[in-house]
Amino acid sequence: MSDSKKLPGVIFVMIGPGGAGKNAIMKALMAGNPAIRQLATATTRKMRADEAQGREHLFVSKRRFEQMIAAGELLEHQEVTPGKYYGIPRASVAAGLAAGEIRIADIEVIGASILADAFADNVVQIFVTAPGATLTEQLAVLQERMRERDDAFTDIEQRLRRARELELPYQSRCDYVVVNDCLAAAIERTRAIIQRELAGRQLAGAPK
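Since the structure is predicted, the reported quantities are computational estimates derived from the model, not experimental observations. (Residues numbered from 1 in each chain as written. Predicted model: local features only at pLDDT ≥ 70, side-chain atom pairs only at ≥ 80, totals over all residues. Heavy atoms only, no water.)

Peer 1: Help me understand the sheet that holds strand 8 (residues 123-129), please; the structure alone is not making it clear to me.
Peer 2: Strand pairing within a sheet occurs via backbone hydrogen bonds; the two strands may be parallel or antiparallel. Reading across from one edge, 2-7-1-8-9 is the order of the five strands in this open sheet, with parallel pairing throughout. Taken across any chain shown, the strands that pair with only one partner, and hence form the sheet edges, are strand 2 (36-38) and strand 9 (176-179). When strand polarity is set aside, the average angle formed by the axes of neighbouring strands in this sheet is 25°. Alignment of strand 2 against strand 7 (residues 102-106), held across three bridges, turns out to be parallel. Each residue of the ladder has a partner; that of Arg37, found in strand 7, is Arg103. (Pairing = 2+ DSSP bridges. Helix = DSSP H or I, 4+ residues; strand = E, 2+ residues; numbered from the N terminus. Axes fitted to C-alpha atoms, helices over the stretch in contact; angles between N-to-C directions.)

Peer 1: Mind showing me how you'd approach the environment of Met68 here?
Peer 2: In this fold, Met68 is placed in helix 2 (residues 62-70). For Met68, a relative accessible area of 6% translates into the label buried. Ignoring any residue separated from it by four or fewer positions in sequence, one finds Met68 in contact with Ala42, Val60, Glu73 and Leu74. (Buried < 20%, exposed > 50% of the residue type's maximum accessible area, 1.4 Å probe, protein only. Contact = heavy atoms within 4.5 Å.)

Peer 1: Would you mind going over the pairing of strand 8 with me for this structure?
Peer 2: Each regular strand shows side chains that alternate between the opposite faces of the sheet. Of all the seven residues making up strand 8, seven are buried; the element is thus mostly covered by neighbouring parts of the structure. Here strand 8 shows two buried faces, one formed by Val123, Gln125, Phe127 and Thr129 and the other by Val124, Ile126 and Val128. Looking at chain direction, strand 1 (residues 10-15) and strand 8 are connected through five bridges and run parallel. What sits directly across from Ile15, in strand 8, is Phe127.

Peer 1: Sorry, what's going on with the packing of aromatic side chains here?
Peer 2: The geometry of an aromatic ring pair comes down to the distance between the two centres and the angle between the two planes. Going through the model one piece at a time under the given rule, you end up with one aromatic pair. Centre to centre, the rings of Phe65 and Tyr85 are 5.9 Å apart; their planes meet at 45°, and the pair counts as tilted. Of the two residues, Phe65 sits in helix 2 while Tyr85 sits in strand 6 (residues 84-89), which places them 20 residues apart along the sequence. Exposure remark for Phe65: the relative accessible area of 2% places this residue in the buried category. (Phe/Tyr/Trp six-rings, centres within 6.5 Å; stacked < 30°, edge-to-face > 60°.)

Below is the structure:
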């Protein structure tokens, strides 16, 4: 059942495999429109140097994460990679949508599906993928991108398997698909999608 009746806000969910460029697109969109802010999801992974508590994520211990699960504070939660847990705080999502906020988030496919079901009228799913005419070609591009940024070999193997089995098949369920064959062009394609959606919803932050 959807919880989104009469909530004025919107969440743009960026979905796609590792190496597709979701975070780079997100950062460019937020830099170009201060009305768009990141939805802070809960995670047990360590904070990175360019991150801040409560902005990209709510960084919590595994014990605190387990407490949040037990208390029903998370809309959903997943162990995305071994030992690293992510979850969507129910209260912050509902409060932001009720306040008419514009949020953007990089959420894995199971979480995105649950969020879209819970807030069907307020979630726009944008799938970001690599170029390629076949699945094999797309996976090869993703692999090369992950190698270029010096991802660990074991991480690359896990992410490619996840991309093949879970993430790439999910794009048919999304509202839009953006092929990141050129980052600048992919940013502009995604920006156009967001502007169109905001204009249709008559939200602040839409182009005049």
